[in-house]
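A closer look at the structure
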Amino acid sequence: MTDEVILLNFWPSMFGMRTMIALQEKGVKYEYREEDLINNKSPLLLEMNPIHKKIPVLIHNGKPVCESIIQIQYIDEIWSNKNPFLPSDPYQRAQALFWADFIDKKLYVCGRKTWSTKGEEQEAATKEILEILKTLQSELGDKPYFGGDEFGFLDIALIGYYSWFPAYQKFGNFSIEPECSKLMAWGKRCMQRESVAKSLPDSEKVGGFILQLKKIYGIE
Amino acid sequence: MTTGEVKLIGAWASPFVMRPRIALNLKSVPYEFLQETFGSKSELLLKSNPAHKKIPVLLHADKPVCESNIIVEYIDETWSSSGPSVLPSHPYDRAMARFWAAYIDEKWFVSLRSFPKAQGEEETKAALAQLEEANAILEKAFIDCSKGKPFFNGDNIGYLDIALGCFLGWLRVTELTGGHKLLDEAKTPSLSKWAERFCNDPAVKPVMPETAKLAEFAKKIFAKPHA
């Protein structure tokens with residue numbers, strides 16, 4: 001029985017990147033559908049994610065799975081025969097899930113502030129984001145990937161943000177490399193993977209998108 | 001590896017702490033409950049959860065697991081051969097359970113919490129309407145997930161029952177102090193009946209705080225000036 005897999009996404013979303021990478025890593029064939037979140041959400045999106053009306057939405061044989069972290073776990077569990085994302089040890093799994101949750105609670109909001117705020121608020125955001133990234137860097141330690149020797153769940157959860165780092169730095173006028181060189185090296189290492197290279201947008205394009213957002217929201 | 005001492009850092013009044021306690025009860029895992037004093041954080045807590053400094057924290061052979069829903073999954077996987085399964089077995093049902101648990105924390109609980117904070121009639125009305133809408137969504141989610149069985153998880157309470165049920169004590173307190181019915185049998189009949197069944201479950205009863213005790217505690221903590 002062939003699976004029908006559709007992904008509703010919006011190209012700049014670091015959340016959608018997670019799901020794209022996960023599907024690619026498992027070798028799953030899927031149909032990619034770009035949503036125009038700024039102007040017009042599709043009827044399919046509104047039908048498949050009525051609660052949040054957000055992307056990414058993974059539709060597997062007509063049934064929707066929403067929320068990117070939940071999607072990575074689902075993909076790992078359904079296509080369990082190759083490239084496991086999560087460790088098999090329950091304690092290691094709990095740690096991976098904890099850090100993915102940490103990323104979602106802290107990094108997104110803080111990252112947004114680096115380009116959408118000014119003055120003191122922006123300065124505070126750039127300081128905070130460096131602290132968050134340093135925390136994640138110490139979690140990485142000397143391992144090639146968060147998953148250890150193999151690219152895994154937590155790598156997938158974080159790598160999308162790597163495509164936004166240049167924009168955060170440009171708009172926030174700060175530099176990540178001096179205090180987070182190991183993390184940046186990890187980012188470059190992940191970019192060597194086909195699944196990541198194919199799923200992350202060019203950082204110039206992300207910068208252009210932010211300029212577009214700033215215009216729409218009237219942020220200088 | 002199920003060997004090793006189990007400790008839980010928490011507080012009797014916290015709904016989030018109740019989640020792993022129920023899971024440990026379902027698995028018949030004995031544990032030492034380390035109560036935090038309200039208003040201060042122990043050295044052990046700060047050391048075990050430096051990122052968030054929050055309860056609950058499970059310590060299994062001194063190794064910390066944080067975030068209530070993550071702890072519940074950890075308990076289910078570690079003591080998988082003991083007691084019923086806390087998470088559903090099919091990946092799609094698991095995804096649904098996780099989705100609704102996230103909704104409960106991000107939307108439903110936020111609605112519940114905004115209710116006592118509402119000032120005046122307009123705000124109270126708005127808060128009530130928001131909670132009613134969230135309840136209606138969960139009523140439908142219950143019908144979809146339970147598939148005619150008594151709990152979200154089927155025949156036995158599970159991950160999603162625990163994720164929502166832990167708030168029932170605080171819901172009752174909010175009803176008492178606010179004077180409004182928040183879980184209405186007329187509007188959400190399935191959810192209301194489920195709530196009663198949940199509270200009577202033997203894994204839940206020992207850790208669900210008494211409404212009166214919780215109401216008294218609420219008075220004390222909400223009397224404090226906000227930081």
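It should be emphasised that the depicted structure is a prediction, and the values quoted were computed from it without experimental measurement.

A word on the UniProt feature "domain: GST N-terminal" (unreviewed entry) in chain A
As recorded in UniProt, the feature "domain: GST N-terminal" (unreviewed entry) lies at residues 3-83 of chain A. Span residues 3-83 of chain A is 36% helix and 21% strand, its end C-alpha atoms 19 Å apart.

A short note on the pairing of strand β4 (residues 63-66) of chain A
Residue and element names in this part refer to chain A. By the bridge criterion, four bridges tie strand β3 (residues 57-60) to β4 in an arrangement that is antiparallel. Paired with Leu58 across the bridge in β4 is Val65. In sequence, β3 turns back onto β4 through a hairpin of two residues, with Asn61 there showing a positive phi of about 50 degrees.

Notes on the UniProt feature "domain: GST C-terminal" (unreviewed entry) in chain B
Taken from the UniProt record, the annotation "domain: GST C-terminal" (unreviewed entry) applies to residues 90-222 of chain B. From the first C-alpha to the last, residues 90-222 of chain B spans 42 Å; its make-up is 71% helix and 0% strand.

As for the sheet that holds strand β4 (residues 63-66) of chain B
The pairing of strands in a sheet happens through backbone hydrogen bonds and is either parallel or antiparallel. Residue and element names in this part refer to chain B. Taken together, the four strands give an open sheet; going across it, the order is β2-β1-β3-β4, and neighbouring strands pair in mixed fashion. If you trace the sheet from one side to the other, it starts and ends with β2 (32-35) and β4, each paired once. The average undirected angle you get between the axes of adjacent strands in this sheet is 25 degrees. As paired elements, strand β1 (residues 6-10) and strand β3 (residues 57-60) share four bridges and run antiparallel to each other. Bridge pairing in β3 links Val6 to His60.

Remarks on the packing of helix α3 (residues 68-78) of chain A against helix α4 (residues 91-117) of chain B
Interaxial distance between α3 of chain A and α4 of chain B falls to 9 Å at its minimum, and their mutual angle equals 165 degrees. Viewed along their axes, α3 of chain A and α4 of chain B adopt a mutual orientation that is roughly antiparallel. Here α3 of chain A runs over α4 of chain B; the crossing is right-handed. Residues Ile70, Gln73, Tyr74, Glu77 and Ile78 of chain A of α3 of chain A lie in contact with α4 of chain B, whose contacting residues are Pro91, Tyr92, Arg94, Ala95, Arg98 and Phe99 of chain B. Of the residues that constitute the contact of α3 of chain A with α4 of chain B, the class distribution is seven nonpolar, one polar and three charged.

Reading the values: the criteria
- Residues numbered from 1 in each chain as written.
- Chains lettered and ligands numbered in written order.
- Predicted model: local features only at pLDDT ≥ 70, side-chain atom pairs only at ≥ 80, totals over all residues.
- Heavy atoms only, no water.
- UniProt positions renumbered as here; feature names shortened; annotations may be inferred.
- Helix = DSSP H or I, 4+ residues; strand = E, 2+ residues; numbered from the N terminus.
- Pairing = 2+ DSSP bridges.
- Axes fitted to C-alpha atoms, helices over the stretch in contact; angles between N-to-C directions.
- Parallel < 35°, antiparallel > 145°, perpendicular 65-115°, else oblique.
- Left-handed = near helix turned anticlockwise from the far one by under 90°.
- Contact = heavy atoms within 4.5 Å.
- Nonpolar A, V, L, I, M, F, W, Y, C, P; charged D, E, K, R; others polar.

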